[in-house]
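Here's the letter readout for the chains.
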Amino acid sequence: MKTMFDVQQLLKRFGTIIYTGNRTADLELIQEEVNELYKQKLIDVNDYKMALLIVRATLNKRQ
């Protein structure tokens, strides 16, 4: 997993597609979804950490 596209594909595997029209809101929702997937033990710790790192880096670029 290297890009936001990869994170979105991870969510898509679980039937989650996020698009609100507001990129910052999308990124925050994606972060929440990744947290939920990890809490429910649907993704492993490596995918969780990498996904959060990518989302947070993307959020920081936007600010």
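Heads up: the structure comes first, above all this text.
As the structure is a computational prediction, the values presented were derived from the model and not from experiment.

Our next topic: the nonpolar core. Among the nonpolar cores identified, the biggest contains 16 residues, and Met4, Val7, Leu11, Ile30, Val34, Ile43 and Val55 are the most heavily contacted of them. Of all elements in the fold, only α1 (4-13), α2 (23-39) and α3 (45-62) reach the threshold of two or more residues within this core. Looking at which element gives the most residues to this core, the answer is α3, with six residues. Leu11 has contacts with Thr16, Ile18, Ile30, Glu33, Val34 and Leu37, leaving out every residue within four places of it along the chain.

The final tally for this structure, using the stated rule, is one aromatic pair. On the basis of an interplanar angle of 15 degrees and a centroid distance of 4.1 Å, the ring pair of Tyr38 and Tyr48 is categorised as stacked. Of the two residues, Tyr38 is situated in helix α2 and Tyr48 in helix α3; the sequence distance between them amounts to 10 residues. Classification of Tyr38 by relative accessible area gives partly exposed; the value is 31%.

Rules used in this analysis
- Residues numbered from 1 in each chain as written.
- Predicted model: local features only at pLDDT ≥ 70, side-chain atom pairs only at ≥ 80, totals over all residues.
- Heavy atoms only, no water.
- Core = buried A, V, L, I, M, F, W, Y, C linked by side-chain atoms within 4.5 Å.
- Buried < 20%, exposed > 50% of the residue type's maximum accessible area, 1.4 Å probe, protein only.
- Helix = DSSP H or I, 4+ residues; strand = E, 2+ residues; numbered from the N terminus.
- Contact = heavy atoms within 4.5 Å.
- Phe/Tyr/Trp six-rings, centres within 6.5 Å; stacked < 30°, edge-to-face > 60°.

Read these as layout, nothing more, since geometry by itself doesn't imply function.
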